[in-house]
Amino acid sequence: MAKYVINGKNRLEGAVTISGAKNAAVAILPAALLVSGKCRVENVPDISDVHILLEILKDIGAEVSWEDNGTVILDCTGVTGTKPDPELVCKMRASYYLMGALLSRFHKAHVALPGGCNFASRPIDQHIKGFRALGARVVETEEYVNMKPGPNGLKGARITLDVVSVGATMNIIMAACLLPGKTVIENAAKEPHIVDLANFLNTMGAHISGAGTDTVKITGVEKLTGGTYAIIPDQIEAGTYIAAVAAAGGNVLVQNVIPKHMDCITSKLEEMGVEFINYDDAIQVISEGQLQPTTVKTRPYPGFPTDMQAQVCVCMSIADGTSRLTESVYETRFFGYCTELASMGADILINGKTAIITGQSNLQGAVVRANDLRAGAALIIAGLAAEGTTEVENIHYIERGYEHLVEKLTALGADIRRVED
Ligand code: EPU
């Protein structure tokens, strides 16, 4: 088991380059299953979730190769398998995208239920509702989802999601791509990675419009052919480095970002006293003085992302006063890290969906445990801001989503090491 050992209180200075977006990559790579031909996907992050997905795709017959600089060449033309290896599928959340992609291309799929970060109950009923509306006969057990065409065959349909779901929106987009007729998804999620998936598929020949709004329309096509596509920068990785600078203090140029995607995060940190200068594809982050308290409520995009809840909580823990942080996407997400932060001296009172955080002048280093990806990222930020030494255990969660984390932080002047226990 490996851990990160961090000696805190170093200012962060210099520049960091943000990698390709994890939550776009984990959708776009399985979406290559829809393509008959070679896909060249650039800006793919080198993280364990991506490696597991590529293993799954190889195992069902895809040809996969990595080039330098984060480019993956994928050819799924010869794929024949519709039952991806359940052991691999269970290792990650986004393996649910195999359902939509296989259903669209082969009209059948047998996919184990996904694993990954379990910080909350994470149902996939909206995905299944979409597949059924498209005409699939779906059998769900406690272990897998099995799909084949229902009595009227598979075809486009109108689907109104009961909850705004990123995963369901993307899965239904994939499922509808190669089906005859028109599909309309109402109450769709609007996250940047949904637009990225649609742009990837359209580059390969799909007909998708409205991605990024709450109505997405897909007109089925017979075939997608290959092409080249570059994944967008990771909004949450960028937000994590911004929160690290905010908490530890410093002056850092965060490069390879889409500043518009960052507004929902930077506007809140600005209220806390952090200064930002936006360039075309970079943001300068300056955090010199004492952070101020604020109020944050997580919401689907363009609201403040739930995936930044834990990182902003660390900033609030050292602000000069009391902050309120309300979670409206995953109610139980606080439990993944608040006890760990409390062991470092944070004062957090959880009342249902809201955490009341009374800022402390200092956090103290401690031995803490990452219980999920973003919780782990928050504990690293806390370690960077704390006095003394912090050890973050259980880091396999963090390595699911952050490329070259130690190298990037070290280049900014942080004292962080990865140690094999
Ligand atoms: N929901 C349902 N039924 C469904 C699907 C979702 O009730 O069928 C509910 C969920 O319980 C939740 C809300 O809808 O309350 C939103 O869930 P969503 O489906 O949007 O989440 P997801 O697609 O499973 C993705 C990201 C998460 C991120 C959420 C919200 C991936 C692989 N995961 O999950 O990212 O927190 O959207 O933005 O894209 C992370 O990167 O650390 C991470 C957890």
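The structure displayed is predicted, hence computed values, not measured ones. Here the residue numbers are simple positions, counted from 1 along each chain's written sequence. Per-residue local features of the predicted model are confined to residues with pLDDT of at least 70, and side-chain atom pairs are confined, for both listing and counting, to 80 or more; whole-chain, interface and lining totals are unaffected and use all residues. Side-chain numbers here rest on the full set of heavy atoms in the structure, without hydrogens or water.

The helix and strand labels rest on DSSP assignments: H or I over at least four residues marks a helix, E over at least two residues marks a strand, and numbering proceeds from the N terminus. Looking only at helices and strands, the chain has 14 helices and 23 strands in total. The C-alpha radius of gyration computed for the chain amounts to 21 Å, which stays within 12% of the reference 22 Å derived for 421 residues, consistent with globular compactness. Dimensions of the chain, computed from the C-alpha atoms along their principal axes, are close to 65 × 45 × 40 Å. Think of it in three bands: residues with accessible area under 20% of the maximum for their type are buried, residues over 50% are exposed, and the middle band is partly exposed, with areas taken using a 1.4 Å probe on protein chains only. Burial status across the chain gives 58% buried among its 421 residues. Of the contacts formed within the chain by residues at least 6 apart in sequence, a portion of 73% connects residues at least 24 apart. Here, Shrake-Rupley sampling with a 1.4 Å probe gives the accessible areas, and only protein chains in the shown set may cover a residue. Counting only carbon and sulfur atoms, one obtains 46% of the accessible surface of the chain, whose full area is about 15,800 Å². If the 36 positive side-chain charges of the chain are averaged to one point and the 47 negative ones to another, these points end up 9 Å apart. Here the globule rule is a power law, 2.2 Å times the number of residues to the power 0.38, and the radius of gyration is based on C-alpha atoms. The contact rule is simple, with two residues in contact once any of their heavy atoms fall within 4.5 Å. Charged residues are defined narrowly, with Lys and Arg counted positive, Asp and Glu counted negative, and His plus the chain ends left uncounted. Every charge is mapped onto a representative atom, which is NZ of Lys, CZ of Arg, CG of Asp or CD of Glu.

Let's shift gears to the pairing of strand β18 (residues 322-326). Pairing between strands requires that DSSP locate at least two bridges from one strand to the other. With three bridges connecting them, strand β17 (residues 295-297) and β18 associate as parallel partners. When the bridges of β18 are listed, Val 296 appears paired with Leu 325. The parallel pair β17 and β18, bridged by helix α10 (residues 309-317), forms a crossover whose chirality is right-handed. Here the term right-handed applies to a crossover when the path leading from its first strand over the helix to its second strand runs clockwise, the strands being oriented away from the viewer.

Okay, the packing of helix α4 (residues 97-106) against helix α6 (residues 166-177) next. The axes are straight lines fitted to the C-alpha atoms, using for helices just the contacting stretch, and the angles between their N-to-C directions are given from 0 to 180°. The geometry of α4 relative to α6 is characterised by a closest axis approach of 7 Å and an angle of 15° between their N-to-C directions. Compared by their axis directions, α4 and α6 come out roughly parallel. Here α4 runs over α6; the crossing is right-handed. Across the interface between the two elements, Tyr 97, Met 99, Gly 100, Ala 101, Leu 103 and Ser 104 of α4 pack against Val 166, Gly 167, Met 170, Asn 171, Met 174, Ala 175, Ala 176 and Cys 177 of α6. For this classification, Asp, Glu, Lys and Arg are treated as charged, while Ala, Val, Leu, Ile, Met, Phe, Trp, Tyr, Cys and Pro are nonpolar and the rest, including Gly, are polar. Among the residues forming the contact of α4 with α6, the class breakdown is ten nonpolar, four polar and no charged. Roughly parallel means an angle under 35 degrees; roughly antiparallel means over 145; roughly perpendicular covers 65 to 115; every other angle is labelled oblique. Note on convention: near helix rotated counterclockwise from far helix by under a right angle means a left-handed crossing. Clockwise means right-handed.

Let us now look at the layout of surface pockets. Buried and open spaces are told apart on a 1 Å grid over the protein atoms alone, a cavity being a set of points where a 1.4 Å probe fits but cannot get out and a pocket being an open set with protein on both sides within 12 Å along at least five of seven lines. Residues with an atom within 4 Å of a point are the lining residues. Grid points are joined across faces, edges and corners, and a volume is the space filled by probe spheres set on the points. Estimated volume of the largest pocket: approximately 1,000 Å³. Among the secondary structure elements, those contributing two or more residues to the lining of the largest pocket are α1 (22-31), α5 (125-133), α6, α8 (235-248) and α12 (373-385). Split by domain, the residues of the lining of the largest pocket number at least three in each of domain 1 (2-19 + 233-420) and domain 2 (22-230). Taken together, 18 residues make up the lining of the second largest pocket; nearest its centre are Lys 9, Ala 247, Ala 248, Gly 289 and Ile 318. For the lining of the second largest pocket, the secondary structure elements donating two or more residues are α8 and α12. Across the lining of the second largest pocket, the residue classes tally to seven nonpolar, eight polar and three charged. Annotation comment: domain bounds sourced from an automatic or database domain assignment.

Turning next to the sheet that holds strand β22 (residues 389-393). On the basis of which strands lie adjacent, the open sheet formed by four strands has the order β21-β22-β1-β23 and mixed pairing. The open sheet is flanked by β21 (367-369) and β23 (415-420), the only strands paired with a single partner. On average, adjacent strands in this sheet sit at an angle of 25° to one another, irrespective of strand direction. Sheet topology places β21 next to β22; three bridges connect them, and they run parallel.

Between two cysteines, a covalent bond joining their sulfur atoms is known as a disulfide. For the purposes of this analysis, a disulfide is any pair of cysteine sulfur atoms at a distance within 2.5 Å. Considering all chains together, one arrives at zero disulfides under this definition. Cys 315 supplies the cysteine sulfur nearest to Cys 264, a cysteine that is in no disulfide, at a spacing of 15 Å.

A few words on the domain arrangement of the chain. The assigned domain composition of the chain is domain 1 (2-19 + 233-420) and domain 2 (22-230). Between the C-alpha centres of domain 1 and domain 2 there is a distance of 30 Å. At the interface, 22 residues of domain 1 touch 19 residues of domain 2. Here's the idea: put two parts together, see how much 1.4 Å probe accessible area each one loses, and the total over both is what we call buried area. Here domain 1 meets domain 2 over a buried area of about 1,800 Å², counting both sides, of which 54% is carbon and sulfur. When residues of domain 1 are sorted by the area they lose upon contact with domain 2, Tyr 301, Tyr 330 and Arg 400 head the list and together hold 37% of the total.

One heavy atom within 4 Å of a molecule or strand is enough for the residue carrying it to be called near that molecule or strand. Around the ligand sit 24 residues, and of these Gln 126, Ser 165, Val 166, Asp 307 and Val 329 come closest. Take Lys 22: an N or O atom from its side chain is 3.2 Å from an oxygen atom of the ligand. The term polar contact refers here to a pair of N or O atoms within 3.5 Å; inside protein, the definition further demands a hydrogen-donor-capable atom paired with an acceptor-capable atom, and it admits residues adjacent in sequence only when both atoms are side-chain atoms. The backbone of Gly 167 places a nitrogen or oxygen atom 2.8 Å from an oxygen atom of the ligand. In the complex, 89% of the free accessible area of the ligand, which totals 820 Å², lies under the protein chains. Assessed atom by atom at 2 Å from the grid points, the ligand resides in the largest pocket. A pocket or cavity is taken to hold a molecule when more than half of that molecule's atoms are within 2 Å of the pocket's grid points.

The next thing to look at is the pattern of salt bridges. Salt bridges are defined by distance alone: a side-chain nitrogen of Lys or Arg within 4 Å of a carboxyl oxygen of Asp or Glu. Within the structure shown, the criterion is met by 15 salt bridges. With a shortest N-O distance of 2.9 Å, Arg 11 and Glu 288 are connected by a salt bridge. One end of the pair, Arg 11, is in the loop between β1 (2-7) and β2 (12-17); the other, Glu 288, is in the loop between β16 (282-287) and β17, with 277 residues separating them in the sequence.

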